[in-house]
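Residue-level structural notes
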Amino acid sequence: MSHTTQLTAESGLHDAERLSRDELEALQLERLQWTVRHAYENVPFYRQKFDAAGVHPDDIRALSDIERLPFTTKDDLRQNYPFGLFAVPMDQVRRIHASSGTTGRLTVVGYTDQDLENWADLIARSLYASGVRPGWKVHNAYGYGLFTGGLGAHAGIERLGCTVIPMSGGQTEKQVQLINDFQPDAIMCTPSYLLTIADAFEAAGLDPRASSLKVAICGAEPWTEAMRHEIEARLDLKAVDIYGLSEMMGPGVGNECVETQDGPHIWEDHFLPEIIDDELRQVADGEQGELVFTTLTKEAFPMIRYRTRDLTSLLPGTARPAHRRIAKITGRNDDMIILRGVNLFPTQIEEIVCEIPALSTHFILELTKRGTMDHLTVKVEAREGASDAEAADGLRLMQKRIKDRAGTTLGAELVDHGTLPRSEGKLKRLYDLR
Ligand code: DLL
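Residues numbered from 1 in each chain as written. Predicted model: local features only at pLDDT ≥ 70, side-chain atom pairs only at ≥ 80, totals over all residues. Heavy atoms only, no water.

Looking at an unreviewed UniProt entry, the protein carries the name Phenylacetate-coenzyme A ligase, with the source organism given as Leucobacter rhizosphaerae. Annotation of the protein in UniProt includes, under Pathway (unreviewed entry), the sentence "Aromatic compound metabolism; phenylacetate degradation." Comment text from UniProt for the protein, heading Catalytic activity (unreviewed entry), reads "2-phenylacetate + ATP + CoA = phenylacetyl-CoA + AMP + diphosphate". (UniProt positions renumbered as here; feature names shortened; annotations may be inferred.)

And the structure:
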């Protein structure tokens, strides 16, 4: 079966983006059947799991039959380290990527030539949806290397017919210099790193609003609507959300459309999303839960019902009507802080900090123990130019809003400007000092 895809020249939209929902679902079913058979026939892990669950590839006759299949978890990847879940012989694996989890062992993923082709196409589609057009210069500040961000974005930038500036992450002063000298139209980096770059512009005596950048394609970490407003105001550009994870492919599993900026459309011709509840049952569109994905075209590394741990909901398509969107990700269920029985996500605090003009967006959360009780403190820098009194008022307002909205009282501390760690990629917000 051919999974090759083409961008249509006249409109820039891919054929799959013009399908009706019925046509898309027919394509998904055909591809799901292929994927399940491919995994069953080529990966002993899947064969054993399907056999144990009493399900065979022939049982997949409708999309809803996906619920008969067992889930796959990050732990399954670790236990099959490094190449145990690959579904093609090694000489057909053209590239490897890996991500380091919090618990040590790398999770390793692989791609055939066709997988890399599809990935480049999906990034090109994502960039087009973001408003990027052929002929633009795109500054790529996602990290190159084992991380999927840099090289993944790179191929798609070229595929769309843009000029790629392969800067990678880090060396922030040089980022500023290159943006200033090369005049790129778009930038790709994490949202937190874009703010670090904006700070570095100001430190160099340059106005970030005066840069050549028109669009930022930000992802790889949770970010709130409030953070989007902050980025757009500070850099005078459109910030759009790109979603992805290594286990599916990398960046470009979904992307927001610049005209609506209402959450990433999942490219459902390649990835089948589901949302599940705590009992691992599928919930209806619109309901919040854990995002689960099945790859539909991956040759080297098919993933069946992979539990992402990302919390969101599925929403109807808008700018690409057949493809459903995901709501902004609240966080991963491993980022959730349970404090005196209350569930908290760093994104909830981000939303509040960004609303308060006297506070900067630089904050961390420190978890400590006081006696037998867990205690969470927000350490935040005041915004430059805010007076001490304004900053102190801002801090009190932040605490009040956290209490009102999250229902719990947190410690709060102002720290000197420039003392909190700055992002160079994925930002770490929570420091567990217990
Ligand atoms: O972060 C792939 C990527 C690179 C996506 C560049 C976008 C841009 P991993 O390192 O495997 O892959 O991390 C995947 O990052 O499960 C989410 O928890 C989080 N994440 C990625 N994109 C977003 C986003 C890359 N737009 C994990 N919003 C995912 C919120 C995101 N969280």
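Okay, the environment of Q348 next. Tracing the chain through its elements places Q348 in helix α9 (residues 346-355). Look at Q348 and you get partly exposed, because its relative accessible area is 28%. Residues Q348 and G425, 77 residues apart in the sequence, show an inter-C-alpha distance of 20 Å. Within the structure, Q348 has its side chain in polar contact with the backbone nitrogen of F345 (distance 2.7 Å). (Helix = DSSP H or I, 4+ residues; strand = E, 2+ residues; numbered from the N terminus. Buried < 20%, exposed > 50% of the residue type's maximum accessible area, 1.4 Å probe, protein only. Polar contact = N/O pair within 3.5 Å; in protein donor to acceptor, adjacent residues only side chain to side chain.)

UniProt feature "domain: AMP-dependent ligase C-terminal" (unreviewed entry): in the numbering of this structure it lies at residues 341-434. Helix and strand shares over residues 341-434 are 31% and 35% respectively, and the end C-alpha atoms of the span are 17 Å apart.

We now examine the nonpolar core. Core analysis: the biggest nonpolar cluster contains 69 residues, and V132, M188, I217, Y243, M248 and F293 have the highest contact counts within it. Tallying contributions element by element places helix α4 (residues 113-129) first for this core, with eight residues. In contact with V132, other than residues within four places in its own chain, are L127, V138, L160, C162, A186 and I217. If you look at the next biggest cluster of nonpolar residues, it comprises 23 residues, including A141, Y193, A200 and L237. (Core = buried A, V, L, I, M, F, W, Y, C linked by side-chain atoms within 4.5 Å. Contact = heavy atoms within 4.5 Å.)

When you line up the elements, Q261 lands in the loop between β8 (250-255) and β9 (265-266). With residues near it in sequence (within four places) discarded, Q261 still touches R228, E232, K238, A239, V240 and E256.

Spatially, β10-β11-β12-β15 is the arrangement adopted by the four strands of the open sheet, whose pairing is antiparallel. Each edge of the open sheet is held by one strand with a lone partner, namely β10 (271-276) and β15 (331-332). Judged from the two bridges that link them, strand β12 (residues 306-312) and β15 form a sheet pairing that is antiparallel. Following the sheet pairing, D310 is matched in β15 by R332. (Pairing = 2+ DSSP bridges.)

This brings us to the pattern of salt bridges. A full pass over the atoms with the stated rule returns 42 salt bridges. When the shortest N-O distance is used, the salt bridge between D113 and R94 registers 3.1 Å. Remark: R94 occurs in the loop between α3 (74-79) and β1 (95-100) and D113 occurs in helix α4; sequence separation between them is 19 residues. Given the relative accessible area of 43%, D113 is considered partly exposed. What makes R94 partly exposed here is its relative accessible area of 45%. For E413, the salt bridge is made with K379, and the minimal N-O distance between the two is 4.0 Å. Of the two residues, E413 is situated in strand β20 (residues 411-415) and K379 in strand β19 (residues 373-382); the sequence distance between them amounts to 34 residues. (Salt bridge = Lys/Arg side-chain N within 4 Å of Asp/Glu carboxyl O.)

Close to the ligand lie 20 residues; D241, I242, S246, D310 and K426 are nearest. One of the backbone N or O atoms of E221 is found 3.3 Å from a nitrogen atom in the ligand. Between the ligand and D241 there is a distance of 2.7 Å, counted from a nitrogen atom to a side-chain nitrogen or oxygen. Alone, the ligand offers 600 Å² of accessible surface; in the complex the protein occludes 94% of this. At the level of elements, α5 (148-160), β7 (238-245) and β8 are the ones that each hand at least two residues to the shell around the ligand. For the shell around the ligand, the element with the most residues is β7, which contributes five residues. Taken together, the residues of the shell around the ligand sort by class into nine nonpolar, six polar and five charged. (Near = heavy atom within 4 Å. Areas by Shrake-Rupley, 256 points an atom, 1.4 Å probe, with all protein chains shown as cover. Nonpolar A, V, L, I, M, F, W, Y, C, P; charged D, E, K, R; others polar.)

Moving on, we get to the packing of aromatic side chains. Pairs of aromatic rings are described using the distance from one ring centre to the other and the angle between the two planes. Under the criterion given, the structure shown has eight aromatic pairs. For the ring pair Y40 and F50, a centre distance of 6.0 Å and an interplane angle of 15° mean the geometry is stacked. On the criterion of sequence distance, the pair formed by Y40 in helix α1 (residues 21-42) and F50 in helix α2 (residues 44-53) is long-range, its members being 10 residues apart. Y40 gets classed as buried once you look at its relative accessible area, which sits at 8%. Judged by its relative accessible area of 1%, F50 falls in the buried class. (Phe/Tyr/Trp six-rings, centres within 6.5 Å; stacked < 30°, edge-to-face > 60°.)

Tracing the chain through its elements places A124 in helix α4. Placed 29 residues apart in sequence, A124 and A153 show a C-alpha to C-alpha distance of 8.6 Å.

On to unusual backbone geometry. In the segment running from Y81 into P82, the intervening peptide bond is cis, with an omega of -10°. Looking at the secondary structure, you find P82 in the loop between α3 and β1. Of note, the phi angle at Q171 is positive, near 50°, even though the residue is not glycine. Position of Q171 among the secondary structure elements: in the loop between β4 (163-165) and α6 (172-182). Of note, the phi angle at D236 is positive, near 50°, even though the residue is not glycine. D236 gets classed as partly exposed once you look at its relative accessible area, which sits at 43%.

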